[in-house]
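The primary structure of each chain is shown beneath.
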Amino acid sequence: MRKSILFCFMLLAVLLCSCGGDELHYLDTTTAATEETAVTAAQFTYTPSEDGVLSYNPLELVRLGTGLQYHDGYLYFLIGGSAKNKWLVRMNVETGNVTDACPDPLCRHDTDTCPLYGIDSALGGFLVGPDGKYYVFKMYRNPDRDSDVKNIQSFCQYDAGRDALLELSREVPAVKELYTERYRFSMNYVHDSEKQVYHYTLRRTDLNTGETVSLFAKEGNAAAETDELLFCIGDRVYLNDHTCIYSVNTDGEDRRVHIEGRIPEDAMTDGTYLYYVDRHEICRRHLEGGVEERLGIFPYADRFMLTENYLYYRTGEDVVLGKASIKGYASDVVTLSAENLCRYAPDGGAGEEIVYTFTGESGNIRPSQWTVAGNYCYTTYSRWTDADGDGIYRDGDQYTSRASAENGFVFSFLRIDLTTGAADIISVDEQGMRMEKLSK
């Protein structure tokens, strides 16, 4: 029986960061002595916020399956006893309490009797839909040794409240999919056996029955210039055909053009405006054909995310961490980019605001997959550590937060308080949860 045990350690250390102007600057990685202090569950602090999380944009199962997802007050991620057997857990963001997504307290999650068994594989993953149900792509060895089928793969819906598992497909899910309370929408190639051609098809799956129907298709084996799913608003599905943004109803009918012109396929919405990057600058247009507004924001790697009130993104100068002596590394120095996490209120406010800077004890950390919920940013990360303190980084000196350890697969992420600037590294494995507080 697995129990969710909360035990935390406070790690205090000091790293000094040197700053420069427009030139590259070097980070001092001298480490002070550490002190460990037990922290009780009651000391897991949380500050509520009126800023809400948007759910219009697509869910990307492959990306989420190797990272973390926020949904309705919980963070979801994978932990496990081995690299081959991981299971889905969720952490209450207000209390820090971690529980298994599988509701059976006696389940070991290591055989096909567990409804969430097998979700860890090269193509596997998970997501939590707007209906609160789990959607998982499972791949595992067939327990029937006499069968010609060696591996089983299945995309399933799991309703934990009813303990009901519904297979939706035997196909690998698309990278981008849209979910509503009732439907799943996906774009994929469907083979026409009569004409011996493929059609790039918009498909709709009823999440209550599992029935999948094709709504419309485009013939052809190449899809370089074809329709891509964007988001759902109400009962409308929005798509991008690279000449305009248009929407259809949930039956694939009543086509309406909203914005003319070529728009990037990773555009996002807050329900009123369309946001996208053009020539490295964030722009927006009203969904009902408004003119383009260029916001004067140039995010690192052209990436940003939306909440109800803000745009979040990264900026900043390059920082040279130290020399590199790493096989296959493209440079003789380790350089980290974009040390500032910023936000901008597009409908007013004080302009660009730096809410966190990776400096001091977090100066050797950079975020990977991140999300913002309320007053907190949650992110997986990479962290460089100069083990012998000689200023030279070698093979093994880079730590990825999603990694295996002595106690099995450990999932670590950074929690940044966007109000106070406090940062904690939270690590979860089958033994429970630990927290390392980073000094500024």
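Structural data are supplied above this passage.
The present account deals with the structure reproduced in this document.

Definitions and cut-offs
Each residue is numbered by its place in its chain's sequence as written, counting from 1. Totals for whole chains, interfaces and linings use every residue, but because this is a predicted model, local features are given only for residues with pLDDT of at least 70 and side-chain atom pairs only at 80 or more, for both listing and counting. For side-chain calculations, the full set of non-hydrogen atoms in the structure is used, while hydrogens and water are omitted. Pairing between strands is defined by DSSP: at least two bridges between them are needed. Comment: elements are numbered from the N terminus, with helices defined as DSSP H or I runs of at least four residues and strands as E runs of at least two. Note on geometry: axes are lines fitted to C-alpha atoms, helical ones only across the stretch in contact, with angles between N-to-C directions running from 0 to 180 degrees. Buried residues are those whose accessible area, probed at 1.4 Å on protein chains only, stays under 20% of the maximum for their type, while exposed residues exceed 50% and partly exposed ones sit between those limits.

**As for the sheet that holds strand 28 (residues 340-344)**
Okay, step 1: Overall, antiparallel pairing links the four strands, which are arranged 24-25-28-29 in an open sheet. Edge positions in the sheet fall to strand 24 (304-306) and strand 29 (353-357), since each has one partner strand and no second. The average angle at which neighbouring strand axes cross in this sheet is 25 degrees, direction not considered.
Okay, step 2: Where strand 24 and strand 25 (residues 311-315) come together, three bridges link them in antiparallel fashion. Bridging across to strand 25, F304 finds its partner in Y313.

**Quick notes on unusual backbone geometry**
Okay, step 1: Here the phi dihedral of H280 falls at roughly 70 degrees; this positive angle occurs in a residue that is not glycine.
Okay, step 2: Here H280 lies in the loop between strand 21 (273-278) and strand 22 (281-286).
Okay, step 3: Judged by relative accessible area, which is 51%, H280 ranks as exposed.
Okay, step 4: Despite not being glycine, A338 shows a phi value in the positive range, around 55 degrees.
Okay, step 5: Its place among the elements puts A338 in the loop between strand 27 (333-336) and strand 28.

**Some remarks on the sheet that holds strand 23 (residues 293-294)**
Okay, step 1: Spatially, four strands are ordered 20-21-22-23 in an open sheet, and the strand pairing comes out antiparallel. On the outer flanks of this sheet lie strand 20 (268-269) and strand 23, each paired with one strand and no other.
Okay, step 2: Across two bridges, the pairing between strand 22 and strand 23 is antiparallel. Within strand 23, the position partnered with R284 by the bridge is E293.

Nothing here speaks to function; it is all geometry.
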